[in-house]
Amino acid sequence: MGVIMESFNREEMESYERARKHVEEIKGFYGNLIAYLLVNAFLVFINLKFTPDHLWFYWPMLGWGIGVLFHGFRVFSWFPFLNKDWEQKKIKQFMEEEKKKQDFK
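Below is a summary of the structure that appears in this document.

Analysis parameters
Residues numbered from 1 in each chain as written. Predicted model: local features only at pLDDT ≥ 70, side-chain atom pairs only at ≥ 80, totals over all residues. Heavy atoms only, no water. Helix = DSSP H or I, 4+ residues; strand = E, 2+ residues; numbered from the N terminus. Expected span 1.5 Å × (residues − 1). Contact = heavy atoms within 4.5 Å. Salt bridge = Lys/Arg side-chain N within 4 Å of Asp/Glu carboxyl O. Buried < 20%, exposed > 50% of the residue type's maximum accessible area, 1.4 Å probe, protein only. Patch = residues over 30% accessible without salt bridge, like charges linked within 9 Å, V, L, I, M, F, W, Y side chains within 5 Å. Areas by Shrake-Rupley, 256 points an atom, 1.4 Å probe, with all protein chains shown as cover. Polar contact = N/O pair within 3.5 Å; in protein donor to acceptor, adjacent residues only side chain to side chain. Phe/Tyr/Trp six-rings, centres within 6.5 Å; stacked < 30°, edge-to-face > 60°.

Attention shifts here to helix 3 (residues 58-75). The end-to-end C-alpha distance of helix 3 is 25 Å, a good match for the 26 Å that 18 residues give at a rise of 1.5 Å each. The secondary structure elements touched by the buried residues of helix 3 are helix 2 (10-50). At the C-terminal side of helix 3, Ser-77 shows a positive phi close to 55 degrees.

Here it is, written out as C-alpha cells:
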C-alpha cells in the first residue's frame, strides 16, 4: 500500500483521506445502528417479561433513535447544513467577508 500512496499527489491524497474518513463515519453509523437495534430489542424483552403492565421501553428507544436519526442525516448528507461541504463554504464565506472588511478600512 505504501507504493500506491507514494504515487499520489497532494490533491489525490486529500481526496483519499476525505473518502477514508467518510467510510469511517459510515462504519460508525452502522455500528451505532446495530447497537441501537440489539440493545433496544433486549430492553423490549426485559420490559415485556418483567413489567408487561407498565411499558417503558419506548422512552430509551425514542431518545436514542433521535440520536441515530441525526447521525444518519449527518453521515449521509441528508441535511445540507450538517455536512463538511457546507462547513467549508461557510468558513470560506466568513473569511471573504472578513477580508472585505479589512480591505475597506
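This brings us to the pattern of salt bridges. On inspection of all chains with the given rule, the structure shows four salt bridges. Between Arg-20 and Glu-17 there is a salt bridge; the shortest N-O distance is 2.4 Å. With Arg-20 and Glu-17 both in helix 2 and three residues apart, this pair spans about one turn of that helix. The exposure class assigned to Arg-20 is partly exposed, which follows from its relative accessible area of 35%. The exposure class assigned to Glu-17 is partly exposed, which follows from its relative accessible area of 28%.

A cluster of nonpolar side chains, namely Leu-48, Leu-55, Tyr-58, Trp-59, Leu-62, Ile-66, Leu-69 and Phe-70, defines an oily patch on the protein surface of about 790 Å² accessible area. No other element matches the six residues that helix 3 contributes to the nonpolar patch. Relative to the helices and strands, Leu-48 resides in helix 2. By relative accessible area, Leu-48 is classed as partly exposed at 46%.

With 41 residues, helix 2 ought to run about 60 Å at 1.5 Å a step, and its terminal C-alpha atoms sit 59 Å apart, in line with that. Buried within helix 2 we find Phe-29, Tyr-36, Asn-40, Leu-43 and Asn-47. Residues of helix 2 that are buried sit in contact with helix 3. Residue Asn-9 occupies the N-cap position of helix 2, its side-chain oxygen lying 3.1 Å from the main-chain nitrogen of Glu-11.

Applying the stated criterion to the full structure yields nine aromatic pairs. Here Phe-57 and Tyr-58 contribute two aromatic rings whose centre-to-centre distance is 6.0 Å and whose plane-to-plane angle is 80 degrees, an arrangement assigned as edge-to-face. Aromatic pair Phe-70 and Phe-73: ring centres 5.6 Å apart, planes at 85 degrees, arrangement edge-to-face. Here Phe-73 and Phe-70 lie together in helix 3, a separation of three residues that amounts to about one turn. We classify Phe-70 as partly exposed; its relative accessible area is 43%. Taking the relative accessible area as the measure of exposure, Phe-73 reaches 16% and is therefore buried. The rings of Phe-29, Tyr-30, Phe-70, Phe-73, Phe-76 and Trp-78 are connected pair by pair, giving a single aromatic cluster.

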